[in-house]
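# Descriptive structure summary
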Amino acid sequence: MALKFLFILLVCTWSVYADLQNVSDEELLSFIKEKEKLIVLFSKANCPSCDKFEQLLDSLNVDFKKHLEAFTVKTENSHLVRLYSPSKEPAVVFFRHGVPLLYSGEPEESELYGFFEKNQSPAVKELTDKIFEHMTQAATGATTGDWFVMFYGASCVECQRLHAVWESVGATLRNRINVARVDANLAGLNTAKRFKISKLPSFLFFRLGKVYRYDLPKNDVKSFVSFAQDWYKNAKAEVVPLLASPFDEVVDWSVDMLKFSIAFGLDILTKYPWIWQIGLAGFGLVAITALIALVKARKPKPKEVKKDKKSK
């Protein structure tokens, strides 16, 4: 009986301190797709910081599974790390239904566990043209609070690499500042035009009817959070533009079509120079014909001589 108890105790002890499962990139993609909650350590060889995080996750493995219902694994020298962490290894990422959240703190047990426990659901809101003004009240600066918004595009590689970082910004500022993102090429196209977004990704901070553009060189969690909390005061404050009226939209569409037509025409003429040569020759022919017709029209007509009728 004593041996049986000792065996059970050893098994339990081993399960608590067992090494994290090491997975390949292919296996990791399957886990991200299948698991509702997944904690991943991106690690590499000869990395003391990686070892610290691995020991920490080892000690928290059981708690993650029991209280957060989260599965924990590690992957070494993964090609996927650049999608979730700009600074690469070590990186600890919490996937909630596939949505990544990057941990940016120190390898401290209570801090890491508390951060994941509070953010078991995504922190970043997705805004579209239809709900942007209603949700943010950007033009009025009314009751919904401050908003920090990332404008991104599906084809923008840098935008994809900042997905987990932006989630971390939202998690850090949760219940204090609203953090959101807008697809500038699809559902948020008009909103991007409204704020003259010329590059992706772009970051705008809205506060009390003013908008501040994030132009700092670093795209890390600490810099973003610092800007939203205080640093925005050093940026130029712009008045939030009002929503475009239907007439404004028609004018903008007309201008865009005119620009497109000019660009398209110039492109065609560059590829096929014989078109403008023929056009120029045709224009010259028309001009010469018109000139000849004009000269003829101005040429005085000969006066008709009236013959007096002799009375018989």
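Nothing here was measured: the structure is a model prediction, and the numbers come from that model.

### Structural notes on the state of the cysteines
One pass over the full model with this rule turns up two disulfides. The residue that forms a disulfide with Cys156 is Cys159, at a sulfur-sulfur distance of 2.4 Å. Because the sign of the S-S torsion sets the handedness, a value of about 80 degrees for the bond joining Cys156 and Cys159 places this disulfide among the right-handed ones. We note that Cys156, like Cys159, is buried. Indicated for the chain is the disulfide connectivity 1-2, 3-4, based on numbering the bonded cysteines in sequence order.

### Some words on the sheet that holds strand E1 (residues 21-22)
Neighbouring strands of a sheet are bound in pairs by backbone hydrogen bonds; such pairs are parallel or else antiparallel. As summarised here, the arrangement of the five strands in space is E1-E3-E2-E4-E5, forming an open sheet in which the pairing is mixed. Looking at which strands have only one partner, the edges of the open sheet turn out to be E1 and strand E5 (99-103). Bridge analysis of strand E2 (residues 37-43) against strand E4 (residues 91-96) gives six bridges, and the strand direction is antiparallel. Pairing of Ile39 across the sheet is with Phe94, part of E4. Contacts between helix H4 (residues 109-118) and the sheet are confined to E2, E4 and E5, with E5 contributing the most and set at about 155 degrees to the helix.

### Here we look at the sheet that holds strand E7 (residues 147-152)
What the six strands build is an open sheet, ordered E6-E8-E7-E9-E10-E11; its pairing is mixed. Of all strands in the sheet, those with a lone pairing partner are strand E6 (125-127) and strand E11 (237-239), marking the two edges. Strand after strand, the sheet turns through a mean of 35 degrees between neighbouring axes, direction not considered. Along the sheet, helix H7 (residues 163-172) makes contact with E7, strand E8 (178-183) and strand E9 (202-207), crossing E8 at roughly 150 degrees.

### Things to note about the confidence of the model for the chain
Parts of the prediction with low pLDDT should not have their coordinates interpreted in detail. A residue-level look at the chain finds 78% of positions with pLDDT of 70 or above and a mean pLDDT of 86. Contacts of residues 3-17 to residues separated by more than four positions or lying in other chains number three contacts, the stretch itself having pLDDT below 50.

### Things to note about the side chain of Glu133
Of note, Glu133 is situated in helix H5 (residues 132-136). One polar contact links the side chain of Glu133 to the main-chain amide nitrogen of Ala138, over a distance of 3.2 Å. If near-sequence neighbours (up to four positions away) are discounted, Glu133 is found in contact with Ala138, Ala139, Thr140, Arg194 and Leu243.

### Comments concerning the packing of aromatic side chains
For the structure on display, the rule yields 28 aromatic pairs. The interplanar angle of 80 degrees and the centroid separation of 5.8 Å between the aromatic rings of Phe203 and Tyr214 together place this pair among those described as edge-to-face. Highlighted residues: Phe203 in strand E9 and Tyr214 in the loop between strand E10 (210-213) and helix H9 (221-229), separated in sequence by eleven residues. A relative accessible area of 5% places Tyr214 in the buried class. Judged by centre distance (4.7 Å) and plane angle (40 degrees), the rings of Tyr214 and Phe224 are tilted. One end of the pair, Tyr214, is in the loop between E10 and H9; the other, Phe224, is in helix H9, and ten residues separate them in sequence.

### Some thoughts on the environment of Asn22
Within the element layout of this structure, Asn22 appears in strand E1. By relative accessible area, Asn22 is classed as partly exposed at 41%. Considered as a pair, Asn22 and Leu41 are 19 residues apart in the sequence and their alpha carbons are 9.4 Å apart. Setting aside residues up to four positions removed in sequence, Asn22 forms contacts with Glu27, Lys74, Thr75 and Glu76.

### Structural notes on the packing of H7 against H9
Helices that pack against each other are described as a pair by the angle of their axes relative to one another and the distance between those axes. Running from amino to carboxyl end, H7 crosses H9 at an angle of 45 degrees, the nearest separation of the two axes being 9 Å. It follows from the interaxial angle that H7 and H9 lie oblique. In the crossing of H7 with H9, the sense of the turn from one axis to the other is right-handed. Mapping the contact onto sequence places Val165, Trp166, Ser168, Val169 and Thr172 in H7 and Val221, Phe224 and Val225 in H9. A per-class count over the contact of H7 with H9 returns six nonpolar, two polar and no charged.

### Digging into H7
Counting buried positions along H7 gives eight out of ten residues, so the element sits mostly inside the fold. Within the span of H7, buried status applies to Ala164, Val165, Trp166, Glu167, Ser168, Val169, Gly170 and Ala171.

Conventions adopted
Residues numbered from 1 in each chain as written. Predicted model: local features only at pLDDT ≥ 70, side-chain atom pairs only at ≥ 80, totals over all residues. Heavy atoms only, no water. Disulfide = S-S within 2.5 Å. Buried < 20%, exposed > 50% of the residue type's maximum accessible area, 1.4 Å probe, protein only. Pairing = 2+ DSSP bridges. Helix = DSSP H or I, 4+ residues; strand = E, 2+ residues; numbered from the N terminus. Contact = heavy atoms within 4.5 Å. Axes fitted to C-alpha atoms, helices over the stretch in contact; angles between N-to-C directions. pLDDT = per-residue confidence, 0-100. Polar contact = N/O pair within 3.5 Å; in protein donor to acceptor, adjacent residues only side chain to side chain. Phe/Tyr/Trp six-rings, centres within 6.5 Å; stacked < 30°, edge-to-face > 60°. Parallel < 35°, antiparallel > 145°, perpendicular 65-115°, else oblique. Left-handed = near helix turned anticlockwise from the far one by under 90°. Nonpolar A, V, L, I, M, F, W, Y, C, P; charged D, E, K, R; others polar.

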